[in-house]
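Take a look at the letters that make up each chain.
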Amino acid sequence: MTYPFISIITATLNVEDTITRTIKSLQGQTDKNFEWIIGDGASTDSTISIIQSTKGLNIKIISEPDFSLYHAINKSLKIASGDYYLVLGAGDVLEQNAIELFRKAACSTKADILSAHVWLGKRLRRPNRGRPYLFSAGAYISSHAVGTLIKTDLHRQLGYYSYRFPVGADYFFIKTAIQNGCKFHGCDFIAGEFMLGGISSTDKLSVVCDVFRLQVETGKNLLLQILILICALFIRVVIPKYIPSLIWGTSRSVKSLNEA
């Protein structure tokens, strides 16, 4: 079987303190049949020099001013050579065999979008978690970054990430793609760890509002989405601020699925 080639896309801006974690993660992959595309927003620290000095990886760099995360990703997609791509944030890390397992899964399933398990802090987030009207694209994928492999040609067919959704363009694209008949597959392995601290994990209000907007655009029941919005604001904004002990998740002590 011929396994697909993968492009890994990382948007960067002054990430000299975290990018080394990601570099070591990529250098340690059991399957190095991938390219690493850096969409840099004109960093003024040593980010680019660190990446340029990296050995053993096939790296492409775009370093110029951009206006958003998705602008950087879209520019990177336009020079990607991979049959599939994976978004990996600066500071995110992959399990050693993540690329190997993703390539095998893409080859065997022929899916357009594949998603594996991802660690978010001490929580293990899994794909196929619920219903789209409730979780949006999160009903299918675990996490856009680290955990989801997407066929590059989908963007040529369906368009690139929309700038109308500052933090939810990934969910909008993935949900729209699956609603348009793209084949999805949930993988039974851990892809890696998503580093908390970015906009999607800290600006909960923006995330909730973006998800509400995209749910209204891609769904039908406005009243239901308003009710879900109210519940989401309470659960994701009010409770974490005033009762943080109620945030729960799977213990990190769970044995890695990749080692099972």
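Reading the values: rules and limits
Residues numbered from 1 in each chain as written. Predicted model: local features only at pLDDT ≥ 70, side-chain atom pairs only at ≥ 80, totals over all residues. Heavy atoms only, no water. Buried < 20%, exposed > 50% of the residue type's maximum accessible area, 1.4 Å probe, protein only. Helix = DSSP H or I, 4+ residues; strand = E, 2+ residues; numbered from the N terminus. Arc of directions from axis to C-beta. Contact = heavy atoms within 4.5 Å. Pairing = 2+ DSSP bridges. Patch = residues over 30% accessible without salt bridge, like charges linked within 9 Å, V, L, I, M, F, W, Y side chains within 5 Å. Areas by Shrake-Rupley, 256 points an atom, 1.4 Å probe, with all protein chains shown as cover. Salt bridge = Lys/Arg side-chain N within 4 Å of Asp/Glu carboxyl O. Phe/Tyr/Trp six-rings, centres within 6.5 Å; stacked < 30°, edge-to-face > 60°. Lys NZ or Arg CZ within 6 Å of the ring centre and 35° of its normal.

**Student:** For helix α1 (residues 19-27), give the residues involved together with the corresponding values.
**Tutor:** Regarding α1, the residues found buried are Ile19, Thr22, Ile23, Ser25 and Leu26. All buried residues of α1 project into a common sector of 160° when viewed along the axis, lining one side. Looking at the packing, one finds that the buried side of α1 touches β1 (6-12), β2 (34-40), α2 (47-52) and β5 (93-94).

**Student:** I'd like a description of the pairing of strand β8 (residues 148-151), backed by residues and values.
**Tutor:** Both strand β4 (residues 84-87) and β8 contribute to a ladder of 3 bridges, which runs antiparallel. Along β8, the bridge assignment pairs Tyr85 with Ile150. Bridge count between strand β6 (residues 113-120) and β8: 3 bridges; the pairing is antiparallel. Counted as the bridge partner of Ile113 is Ile150 from β8.

**Student:** Describe in detail a nonpolar patch on the surface, supporting the description with residues and values.
**Tutor:** A cluster of nonpolar side chains, Val216, Leu222, Leu223, Ile226 and Ile230, forms an exposed patch at the surface whose accessible area comes to about 460 Å². Looking at the nonpolar patch element by element, the count peaks at 4 residues for helix α10 (residues 222-242).

**Student:** Tell me about the environment of Ala11, and please be specific about residues and values.
**Tutor:** For Ala11, the position within the fold is in strand β1. Along the primary structure Ala11 and Ser63 are separated by 52 residues, whereas in three dimensions their C-alpha atoms are 9.9 Å apart. With residues near it in sequence (within four places) discarded, Ala11 still touches Gly39, Leu69 and Ala72.

**Student:** I'd like to hear about the packing of aromatic side chains, residue by residue, with values.
**Tutor:** The geometry of two aromatic rings is summed up by the distance between their centres and the angle between their planes. A full pass over the atoms with the stated rule returns 6 aromatic pairs. Through a chain of ring-to-ring contacts, three or more aromatic side chains come together here, namely Tyr70, Tyr161 and Phe173. Over the face of the ring belonging to Phe135 we find Arg129, whose NZ or CZ atom lies 5.8 Å from the ring centre.

**Student:** Go over unusual backbone geometry with me, naming the residues and quoting the values.
**Tutor:** Glycine aside, residues mostly have negative phi, and peptide bonds are mostly found in the trans state. Unlike most non-glycine residues, Asn14 shows phi in positive territory, near 50°. Judged by relative accessible area, which is 38%, Asn14 ranks as partly exposed. Positioned with a positive phi, Ala42 is a non-glycine residue whose angle comes to about 70°. Its place among the elements puts Ala42 in the loop between β2 and α2. With a relative accessible area of 28%, Ala42 lands in the partly exposed category.

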